[in-house]
Amino acid sequence: LMRAKQAIVVGDTQQLPPTNFFMSRQDDEIVEEEIEDLESFLSECSTKFRSKPLLWHYRSKNEHLIAFSNRFFYEHRLITFPNAKIKDDSGLDFVHVKTGVYDRGKSRKNRVEARETVKKYKELKKKFPNKSMGIIAFSIAQENAIREEFRVAGINIEESIDSHREDLFIKNLETVQGDERDIILISIGYGKDSSGKLSYHFGPLNREGGYKRLNVAITRSRFKTVVISSILPDDLDEDKINVDGVRYLKYYLDYSKNKDFNKFLQT
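Since the model is a prediction, treat every value here as computed from it, not as a measurement. Residue indices begin from 1 for each chain and proceed along its sequence in written order. Since the coordinates come from a predicted model, pLDDT governs what is reported: local features require at least 70, and pairs of side-chain atoms require 80 or more to be given and counted, while whole-chain, interface and lining totals use all residues. To obtain the side-chain values, all non-hydrogen atoms of the structure were used and water was disregarded.

Caption draft 1: Expanded view of the overall build of the chain. Summing up its helical and strand segments, the chain has 7 helices and 7 strands in all. Ordering the α and β elements of the chain from the N terminus gives β-β-α-α-β-α-β-α-β-β-α-β-α-α. What makes two residues a contact is simply this: any of their non-hydrogen atoms within 4.5 Å. A sequence separation of at least 24 residues applies to 73% of the contacts in the chain between residues at least 6 apart. Total accessible area computed for the chain in this model is approximately 15,200 Å², and 47% of it derives from carbon and sulfur atoms. For helices the rule is a DSSP run of H or I covering at least 4 residues; for strands it is a run of E covering at least 2, with both sets numbered from the N terminus onward. In short, Shrake-Rupley with a 1.4 Å probe defines the accessible areas, and a residue's cover is counted only from the protein chains shown.

Put into structure tokens, the structure is as follows:
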């Protein structure tokens, strides 16, 4: 920068900052231990230099895919291009996994929900064979559970590090930024344990600025997003929520389940 006559720094302060993602091995599995957000060069530049917002949003083919983020994270500033087709199966769907159980004390996995995620993948792949697909889990443990269920189902997962190829990817909140696919499946993973108790610990969403991770996840699709969750929005008592990340998750679950878009799109 010191050698340049001019410089352009591009980024989105409402998405992930640089992150130190610490991991450890427990019982032959990699699990997250601590996530430390680092100082953002982008945020530093935004306070020192003049800035110009890039407001035209091209990715989402359906207004519902970006409307939530536009309302809560971008102050209604994004200029979108709604799909002219009234019915093309695009948009936002919600799948409630009633029997899902989060193994909070041991594996930190929700195997029933992981199984449902693979089932939904197979249904959508059959219905939309030419659409690219990606799966986002809210934790490393749930990402591993989904991979295991793919193996159980006998489905060979072909993933590519080539960003120009659109093979299926299975990632978690910390590794999905920058990716996009036609169809995205989101597995929440967290939920009630075997005794019916719901913990309000939602991994990285509980950190300061955790809502940015949610924003990344829900803006990856071009054509369709399917939210797969073992909890309903009403399961989350807003009086018990003390961080923005979990509060926005409750709102997003409500948004995707009830389709009451006016409830959230009002100024």
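Caption draft 2: Structural context of the packing of helix 3 (residues 111-127) against helix 4 (residues 140-152). For the pair helix 3 and helix 4, interaxial distance at closest approach is 8 Å and the crossing angle is 55 degrees. The angle between helix 3 and helix 4 falls in the class oblique. Crossing handedness for the pair helix 3 and helix 4: right-handed. Seen from helix 3, the contacting residues are Arg111, Glu113, Ala114, Arg115, Thr117, Val118 and Tyr121; seen from helix 4, they are Gln142, Ala145, Ile146, Glu148, Glu149 and Phe150. Residue polarity is assigned by list, with Asp, Glu, Lys and Arg as charged and Ala, Val, Leu, Ile, Met, Phe, Trp, Tyr, Cys and Pro as nonpolar; anything else, Gly included, falls into the polar class. Of the residues in the contact of helix 3 with helix 4, the class split is 6 nonpolar, 2 polar and 5 charged. Axis definition: a line fitted to C-alpha atoms, limited for helices to the stretch in contact. Angles are taken between N-to-C directions and run from 0 to 180 degrees. Just so you know how the angles are binned, under 35 degrees is roughly parallel, over 145 roughly antiparallel, 65 to 115 roughly perpendicular, and the rest oblique. Less than a right angle of anticlockwise turn of the near helix away from the far helix marks a crossing as left-handed, whereas a clockwise turn marks it as right-handed.

Caption draft 3: Structural detail: the side chain of serine 229. Considering the arrangement of structural elements, one finds serine 229 in strand 7 (residues 221-229). Only protein chains enter the accessibility calculation, which uses a 1.4 Å probe; a residue is then buried when its area is under 20% of its type maximum, exposed when over 50%, and partly exposed in between. In this structure serine 229 comes out as buried when scored by relative accessible area, which is 0%. By the criterion applied in these results, polar contacts are pairs of N or O atoms within 3.5 Å in which, for protein atoms, one can donate a hydrogen and the other can accept it, and in which residues neighboring in sequence qualify only through two side-chain atoms. One polar contact links the side chain of serine 229 to the main-chain carbonyl oxygen of isoleucine 231, over a distance of 2.7 Å. When residues no more than four places from it in sequence are discounted, the contact partners of serine 229 are Phe94, Val95, His96, Val97, Glu113, Ile188 and Leu253.

Caption draft 4: Up close: the nonpolar core. Think of a nonpolar core as a cluster: buried Ala, Val, Leu, Ile, Met, Phe, Trp, Tyr and Cys residues, connected wherever their side-chain atoms sit within 4.5 Å. One finds Phe68, Phe73, Phe138, Phe202, Leu249 and Leu253 to be the most contacted residues of the largest nonpolar core, which totals 40 residues. Going through the elements one at a time, helix 2 (64-72), strand 3 (91-96), strand 6 (181-187), helix 5 (211-217) and helix 6 (244-258) are the ones with two or more residues in this core. The dominant element in this core, judged by the number of residues it contributes, is helix 6, at 7 residues. Val95, Val97, Leu168 and Ile183 belong to the second largest nonpolar core, which has 20 residues in total.

Caption draft 5: Expanded view of helix 4. Multiply 1.5 Å by the residue count of a helix minus one, and that product is the helix's expected span. The end-to-end C-alpha separation of helix 4 is 18 Å, in line with the 18 Å expected for 13 residues at 1.5 Å each. If you check which residues of helix 4 are buried, you get Ile140, Ala141, Gln142, Glu143, Asn144, Ala145, Ile146, Glu149 and Phe150. Phi turns positive one or two residues past the end of helix 4, at glycine 154, with a value near 75 degrees.

Caption draft 6: Representation of the packing of aromatic side chains in the model. Only the six-membered ring of Trp is used, alongside the rings of Phe and Tyr, when aromatic pairs are assigned; centres must lie within 6.5 Å, and planes under 30 degrees apart are stacked while those over 60 apart are edge-to-face, with the rest tilted. Scanning the model with the defined rule gives 15 aromatic pairs in all. With a centroid separation of 6.2 Å and 75 degrees between ring planes, the pair formed by phenylalanine 68 and phenylalanine 73 is classed as edge-to-face. Across this residue pair, the class does not change: phenylalanine 68 and phenylalanine 73 are buried. Ring geometry for phenylalanine 68 versus tyrosine 252: centroids 5.2 Å apart, planes at 75 degrees, classification edge-to-face. In this pair, phenylalanine 68 sits in helix 2 while tyrosine 252 sits in helix 6, placing the two residues 184 residues apart along the sequence. Grouping residues by exposure puts phenylalanine 68 and tyrosine 252 together as buried. Among the aromatic residues, those joined into a cluster by ring pairs are Phe68, Phe72, Phe73, Tyr211, Tyr248, Tyr251, Tyr252 and Tyr255. Each ring is checked for a lysine NZ or an arginine CZ that lies within 6 Å of its centre and within 35 degrees of its normal; such an atom marks a charge sitting over the ring. Stacked on the ring of phenylalanine 72, the Lys or Arg arginine 71 has its end atom at 4.6 Å from the ring centre. If you follow lysine 171 out to its NZ or CZ, it ends over the ring of phenylalanine 169, 5.5 Å from the centre.

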